[in-house]
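Survey of secondary and tertiary structure
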Amino acid sequence: MQSATYTGLPRVHICFFTAVQNAAALRSRLIAAAGIDGTHGDVEREAVNFAFVDAASIVSHLHLRTAIYQALLAHSRGSLRTKTVHSEILFALNPSNNITEAIKRFGINDKTQALILVRVGNVDETVDGRAAGTLDDNAVFDRMKSLVQGRPINLEEGIEHATDWDMVKKIYKLPQISALRTCIQEVVVSSVAMKSVMS
Amino acid sequence: MSNSTLKLIESSKLIKQGAEAKIYVTTLHPNEPPILLKHRFSKKYRHAALDSSLTRARVAGEARAILRCLRSEVRVPGIRMVDAEEGVLGLELIDGKAVRQILPGGGDDDDGEFGVTHDEIMTLIGTEIAKMHLANVIHGDLTTSNMMLRRRPPNCHPPAEIVLIDFGLTSTSGLPEDKAVDLYVLERAFSSTHPDSEPLFQSVLNAYAAGSGKAWEAISRRLDEVRLRGRKRSMVG
């Protein structure tokens, strides 16, 4: 797992899992958690309080980092377009403003094999959204590992091998025959960085 | 945690200051190269409401022009972060040297460190501008200071490439008139910065002509007109 602090922004934790076995179960657990009432719901929501990113649609470490940074900026400004900073990361990755589409394209799906978990901040938000305590970095990592049945590996290497280039070209409306991967990466990263001033 | 972007700027190194913006170098992400920040600071001589909307529009305009260029595979710095509220644009840091410094009269002595001749540099410039104009991007401030020469990975031919920078005055247009004015501005910049550069600029135009295909005929005709009358159109009659 990688943890990093950005100037004036909360700490960010990222972990890459390969050979993920329980994508379908994780996805249904996420959906179910949203609908549970009371304290039990708060506990369950805190247990899955991460961004679940399907690594197939990520082209580089910088691509993911750029989306996280723009989501953190929106969060600190109070200008989130989605409900949480974690869903905002998926929203920031998608070139359009359609939230459902963003979650479908970049979020976990039943066939996900390479999965990236992102956690913003070290605060346990168990009770009514109020801070119930602070987690250290290792505790965040332990929670990630207890959720995902898969092997945690190095982030940069993981991303490099998981990318589905044809899908990326489709999502970012790049020509199918388009040339160099470095060119595609540059267009993709820049699109994510400038989304807030796109239109 | 009130304003992270201003805190980021405070921790960055100022490398250049202009009338419109300040330029900083900083590191944004772990394990990633440093980036350049262009901060269009607030102008106290403007009304606050007008100032923020102008700043926002200019940051957005610059970012859009760059993305348009990237999509057409014109070599420009990539975008790394945008905070339009603060007027901050984060860009890829280009590790190279301004063409102005390489050509005679521009300051530095040329030591041939990039492994390309002056004439080859001119050809690269013409080709890059032609690509940009084909995407209907009008740079608006083409000078030899706004072009960087960057080394390419080993075993590439040619061993260096031109990267166009500073899209602060950029507009989009498909008119031969606007493209001709763009070239004319560069021609004047060449003749005022680099003595005896007419043959060099001719190489730029030759490469531009080769790169722009059928569009060249109309632009060339316009360029002759623009040379006679100057950059601004006559408003008489």
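Residues numbered from 1 in each chain as written. Chains lettered and ligands numbered in written order. Predicted model: local features only at pLDDT ≥ 70, side-chain atom pairs only at ≥ 80, totals over all residues. Heavy atoms only, no water.

Identification of chain B as non-specific serine/threonine protein kinase from Hydnum rufescens UP504 is taken from an unreviewed UniProt entry. One UniProt comment on chain B, placed under Sequence similarities (unreviewed entry), says "Belongs to the protein kinase superfamily. BUD32 family." (UniProt positions renumbered as here; feature names shortened; annotations may be inferred.)

Identification of chain A as EKC/KEOPS complex subunit CGI121 from Hydnum rufescens UP504 is taken from an unreviewed UniProt entry. Here chain A is described in UniProt, under the heading Sequence similarities (unreviewed entry), as follows: "Belongs to the CGI121/TPRKB family."

On to the packing of helix α6 (residues 198-212) of chain B against helix α7 (residues 215-229) of chain B. Helix-helix packing is characterised by the crossing angle of the two axes and by the distance between the axes. All names here are of chain B. With their axes 8 Å apart at the nearest point, α6 and α7 run at an angle of 145 degrees to one another. Considering the relative orientation of α6 and α7, their crossing is right-handed. Where α6 abuts α7, its residues Leu205, Tyr208, Ala209 and Ser212 lie against Ala215, Trp216, Ile219, Leu223 and Arg227. Counted by class, the contact of α6 with α7 contains seven nonpolar, one polar and one charged residues. (Axes fitted to C-alpha atoms, helices over the stretch in contact; angles between N-to-C directions. Helix = DSSP H or I, 4+ residues; strand = E, 2+ residues; numbered from the N terminus. Left-handed = near helix turned anticlockwise from the far one by under 90°. Contact = heavy atoms within 4.5 Å. Nonpolar A, V, L, I, M, F, W, Y, C, P; charged D, E, K, R; others polar.)

Whether parallel or antiparallel, the strands of a sheet pair through hydrogen bonds between backbone atoms. Here five strands make up an open sheet; going across it, the order is β1-β2-β3-β5-β4 (chain B) and the pairing antiparallel. For this open sheet the edge positions go to β1 (13-17) and β4 (79-83) of chain B, each flanked by a neighbour on one side alone. Strand-to-strand twist in this sheet, taken as the mean axis angle between neighbours without regard to direction, amounts to 20 degrees. In terms of strand pairing, β1(B) meets strand β2 (residues 22-26) of chain B through four bridges, oriented antiparallel. From the neighbouring strand, B:Lys16 faces β2(B), where its bridge partner is B:Ile23. Seen against the sheet, helix α9 (residues 181-193) of chain A touches β4 and β5 (88-92) of chain B and runs at an angle of roughly 5 degrees to β4(B). (Pairing = 2+ DSSP bridges.)

For the rest of this paragraph, the subject is the side chain of B:His39. Considering the arrangement of structural elements, one finds B:His39 in strand β3 (residues 35-39). Apart from residues lying up to four places away in sequence, B:His39 is in contact with B:Leu6, B:Ile9, B:Glu20, B:Ala21, B:Lys22, B:Tyr24, B:Glu86, B:Gly87 and B:Val88.

It is worth spelling out the domain arrangement of chain B at this point. Residues and elements named next belong to chain B. Partitioning chain B into structural domains gives domain 1 (4-92) and domain 2 (96-229). Both sides of the domain 1 and domain 2 interface together cover about 1200 Å² of buried area, and 59% of this is carbon and sulfur. It is Arg68, Val74 and Arg75 that lose the most area in domain 1 upon contact with domain 2, and together they represent 45% of the buried surface on that side. There are four salt bridges connecting domain 1 and domain 2. Ionic pairing is found between Glu92 and Arg150, a salt bridge with its closest N-O pair at 3.3 Å. Inspection of the domain 1/domain 2 interface yields seven residue pairs in polar contact (both at pLDDT 80 or more). In terms of residue count, helix α2 (residues 48-71) provides more of the side of domain 1 that touches domain 2 than any other element does, five residues in total. A breakdown of the residues in the side of domain 1 that touches domain 2 according to their chemical character gives six nonpolar, one polar and seven charged. (Domains from an automatic or database assignment. Buried area = accessible area lost by both parts, 1.4 Å probe. Salt bridge = Lys/Arg side-chain N within 4 Å of Asp/Glu carboxyl O. Polar contact = N/O pair within 3.5 Å; in protein donor to acceptor, adjacent residues only side chain to side chain.)

Next up on the list: the pairing of strand β4 (residues 115-120) of chain A. Look at any regular strand and the pattern is simple: side chains alternate between the two faces of the sheet. Residue and element names in this part refer to chain A. In terms of residue burial, β4 counts as a mostly covered element, since six of its six residues are buried. A two-sided burial pattern is seen for β4, the buried positions comprising Leu115, Leu117 and Arg119 on one face and Ile116, Val118 and Val120 on the other. With six bridges connecting them, strand β2 (residues 11-18) and β4 associate as antiparallel partners. Residue pairing in the sheet places Cys15 in a bridge with Leu117 of β4. (Buried < 20%, exposed > 50% of the residue type's maximum accessible area, 1.4 Å probe, protein only.)

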